[in-house]
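Read off the chains here:
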Amino acid sequence: VQLQASGGGLVQAGGSLRLSCAASKGTFSSYVMGWFRQAPGKEREFVAGVSRGSSVTSYADSVKGRFTISRDNAKNTVYLQMGSLKPEDTAAYYCAADASRWSITRDDYNYDYWGQGTLVTVSS
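Not measured: the values here are computed from a predicted model. (Residues numbered from 1 in each chain as written. Predicted model: local features only at pLDDT ≥ 70, side-chain atom pairs only at ≥ 80, totals over all residues. Heavy atoms only, no water.)

Draft legend 1. Layout of the overall build of the chain. Counting its secondary structure elements, the chain contains 0 helices and 11 strands. Here the C-alpha atoms of the chain give a radius of gyration of 13 Å, agreeing with the 14 Å that 2.2 N^0.38 yields for 124 residues. Seen through its principal axes, the chain has C-alpha atoms that stretch 40 × 25 × 25 Å. Sequence-distant contacts in the chain: of pairs separated by 6 or more residues, those separated by 24 or more amount to 58%. For the chain, the computed accessible surface area is about 6,100 Å², with 46% contributed by carbon and sulfur atoms. (Helix = DSSP H or I, 4+ residues; strand = E, 2+ residues; numbered from the N terminus. Rg over C-alpha atoms; globule rule 2.2 N^0.38 Å. Contact = heavy atoms within 4.5 Å. Areas by Shrake-Rupley, 256 points an atom, 1.4 Å probe, with all protein chains shown as cover.)

Draft legend 2. The side chain of Arg71, seen in detail. Topologically, Arg71 is positioned in strand β7 (residues 67-72). Buried within the structure, Arg71 lacks any salt-bridge partner; Asp72 is the closest side chain of opposite charge, at an N-O distance of 8.3 Å. Side-chain polar atoms of Arg71 contact the backbone oxygen of Phe28, separated by 2.8 Å. A polar contact is formed between the side chain of Arg71 and the backbone oxygen of Tyr31, at a distance of 2.7 Å. When near neighbours in sequence (up to four residues on either side) are disregarded, Arg71 contacts Phe28, Ser29, Tyr31, Val32, Met33, Val50, Ser51, Arg52, Ser54, Thr77 and Val78. (Buried < 20%, exposed > 50% of the residue type's maximum accessible area, 1.4 Å probe, protein only. Lys, Arg positive; Asp, Glu negative; His and termini not counted. Salt bridge = Lys/Arg side-chain N within 4 Å of Asp/Glu carboxyl O. Polar contact = N/O pair within 3.5 Å; in protein donor to acceptor, adjacent residues only side chain to side chain.)

Draft legend 3. Geometry of the nonpolar core. Counting residues in hydrophobic clusters, the biggest one holds 29 residues, and the most contacted among them are Trp35, Leu80, Met82 and Tyr93. At the level of elements, β1 (2-6), β3 (17-24), β4 (32-38), β5 (45-50), β7, β8 (77-82), β9 (91-98) and β11 (118-123) are the ones that each hand at least two residues to this core. Setting aside its immediate chain neighbours within four residues, Tyr93 contacts Leu19, Trp35, Phe36, Arg37, Val47, Phe67, Leu80, Met82, Gly117, Thr118 and Val120. Of all hydrophobic cores here, the second largest spans 6 residues; its members include Val32, Phe36, Phe46 and Tyr111. (Core = buried A, V, L, I, M, F, W, Y, C linked by side-chain atoms within 4.5 Å.)

Draft legend 4. Representation of the environment of Gly53. With respect to the helices and strands, Gly53 occurs in the loop between β5 and β6 (57-59). By relative accessible area, Gly53 is classed as exposed at 61%. As a C-alpha pair, Gly53 and Arg71 span 18 residues in sequence and 8.5 Å in three-dimensional space.

Draft legend 5. Highlighting the pattern of salt bridges. Inspection of the entire model under this criterion finds 6 salt bridges. The partner of Arg66 in a salt bridge is Asp89, and the shortest N-O contact between them spans 2.8 Å. With a gap of 23 residues between them, Arg66 in the loop between β6 and β7 and Asp89 in the loop between β8 and β9 connect regions that are remote in the sequence. The exposure class assigned to Arg66 is buried, which follows from its relative accessible area of 14%. By relative accessible area, which is 1% here, Asp89 ends up buried. A salt bridge links Asp98 to Arg101, with the shortest nitrogen-to-oxygen separation between them at 2.9 Å. Take Asp98: its relative accessible area is 0%, and that puts it in the buried class. Taking the relative accessible area as the measure of exposure, Arg101 reaches 27% and is therefore partly exposed. Salt bridges linked by common partners bring Arg37, Glu45, Arg66 and Asp89 together as one network.

Geometry only, nothing functional implied.
Set out below in structure tokens:
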């Protein structure tokens, strides 16, 4: 499967952005999908995940209540709606697909496919 992330940009603190990740060449509905981010000089970290049928979502504590992950299996796309953005949300954001598990995992090594990343910059 190929993943293409988009929607990043520059936004002021308190603003919103929606990231999208389109999948091709695979059975999108059979993958658990996740968003990760990596800030300069830091390790990649889990942001949010959604189960195959959208019934279960999971969030990092740092984004809970501000970010919402969703997916549209008919469009082979997963979204990350980000609100109340903070400067510490500045990072490259990556979508990822786990083709092996039914449940959401927060470990990046469990994900089989990765998008190229889209940069989010939040100014103070």
